[in-house]
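Structural overview
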Amino acid sequence: MPTTMPPGSLAYALEKTAHGLAAMGAGDPAPFIACWERSDDVTLFGAFGTVERGYDDVRATLEWVGTRFSAGTLVADHEIVHEGADLAYTVSTERGVLCVDGAPATELTIRVSHVYRRREGVWRLVHRHGDHPPVAAARR
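Here is a short report on the structure shown in this document. (Residues numbered from 1 in each chain as written. Predicted model: local features only at pLDDT ≥ 70, side-chain atom pairs only at ≥ 80, totals over all residues. Heavy atoms only, no water.)

If you tally the helices and strands in the chain, you get 4 helices and 7 strands. Mapped in sequence order, the helices and strands of the chain form the string α-α-β-β-α-β-β-β-β-β-α. For 140 residues, the compact-globule estimate of 2.2 N^0.38 gives 14 Å, and the C-alpha radius of gyration of the chain, at 14 Å, lies within 12% of that figure. With the principal axes as the frame, the chain shows a C-alpha extent of 45 × 30 × 30 Å. Each of the 140 residues in the chain was classed as buried or not, and the buried ones make up 40%. (Helix = DSSP H or I, 4+ residues; strand = E, 2+ residues; numbered from the N terminus. Rg over C-alpha atoms; globule rule 2.2 N^0.38 Å. Buried < 20%, exposed > 50% of the residue type's maximum accessible area, 1.4 Å probe, protein only.)

What follows is the structure in C-alpha cells.
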C-alpha cells in the first residue's frame, strides 16, 4: 500500500483501512483483517447480522463476509473523523458496486462507525458497527 503518511499516524491507518475495504469488495478480506488489533476486546456488530467479540471470532466473520463479496470495491466517505490521545473514531458511509453471493453486481451502501485504538504508536481497529440505511437515505 503506497502512502506518504507516517506509519504511526491515524491518516496512515485510515489509508490502510481504505485499501482493506477495497480488497474486501473484491472478495479478499486479508488486507482489512490486517487493520484489526489482535485482542480479546475487539468487536464487530452488524456483519450480515452478526455480533462478534474477540479477534478470532471477528477474523472468522470477516473471512466469511469476504467470501460473499466479489467483483467490486467499497469506498468510505468519512463524515466524521475524531482523534483523541489513544482512541479515534470515524463515522462513514461505505459505497460500492459489487456482487454478493454470486448475484449480479448491485449498489451497496453501509453506514459504518469504526473505533481505533493506538497501542505502541500504531492505530488499529477495535470496533466496527455497520448497517444498511433506509432505502431513501441510501440514494443520497
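There's plenty left to go through after this.
Take the pattern of salt bridges next. A full pass over the atoms with the stated rule returns 9 salt bridges. In this structure, the salt-bridge partner of Glu37 is Arg117, at a minimum N-O distance of 2.7 Å. On the criterion of sequence distance, the pair formed by Glu37 in the loop between helix 2 (30-33) and strand 1 (43-47) and Arg117 in strand 6 (residues 106-119) is long-range, its members being 80 residues apart. Using a relative accessible area of 15% as the deciding quantity, one classes Arg117 as buried. Residue Arg59 is joined to Glu63 by a salt bridge in which the shortest nitrogen-to-oxygen separation is 3.4 Å. Of this pair, Arg59 and Glu63 both sit in helix 3 (residues 55-68), separated by 4 residues, roughly a single helical turn. We classify Arg59 as partly exposed; its relative accessible area is 27%. (Salt bridge = Lys/Arg side-chain N within 4 Å of Asp/Glu carboxyl O.)

For the rest of this paragraph, the subject is the nonpolar core. Generally speaking, a soluble globular protein has its nonpolar side chains buried in company with each other. Leu10, Phe32, Trp36, Leu62, Phe69 and Tyr116 are the most contacted members of the largest nonpolar core, which totals 28 residues. Those elements giving two or more residues to this core turn out to be helix 1 (10-25), helix 2, strand 1, helix 3, strand 5 (87-100), strand 6 and strand 7 (122-131). It is helix 1 that provides the largest number of residues to this core, a total of 5 residues. (Core = buried A, V, L, I, M, F, W, Y, C linked by side-chain atoms within 4.5 Å.)

This brings us to helix 1. For helix 1, with 16 residues, the first-to-last C-alpha span of 23 Å sits near the 22 Å given by 1.5 Å per residue. Taken as a whole, helix 1 has its buried residues at Leu10, Ala13, Leu14, Thr17, Gly20, Leu21, Ala23, Met24 and Gly25. Of the residues trailing helix 1, Gly27 is marked for its positive phi of about 95°. (Expected span 1.5 Å × (residues − 1).)

Bringing the packing of aromatic side chains into the picture now. For the coordinates displayed, the defined rule picks out 3 aromatic pairs. Ring plane angle 85° and centroid distance 6.2 Å describe the contact between Phe32 and Trp36, whose orientation is recorded as edge-to-face. Both residues of the pair, Phe32 and Trp36, belong to the buried class. Between Phe48 and Trp64, the ring centres sit 5.8 Å apart and the planes meet at 75°, which makes this aromatic pair edge-to-face. (Phe/Tyr/Trp six-rings, centres within 6.5 Å; stacked < 30°, edge-to-face > 60°.)

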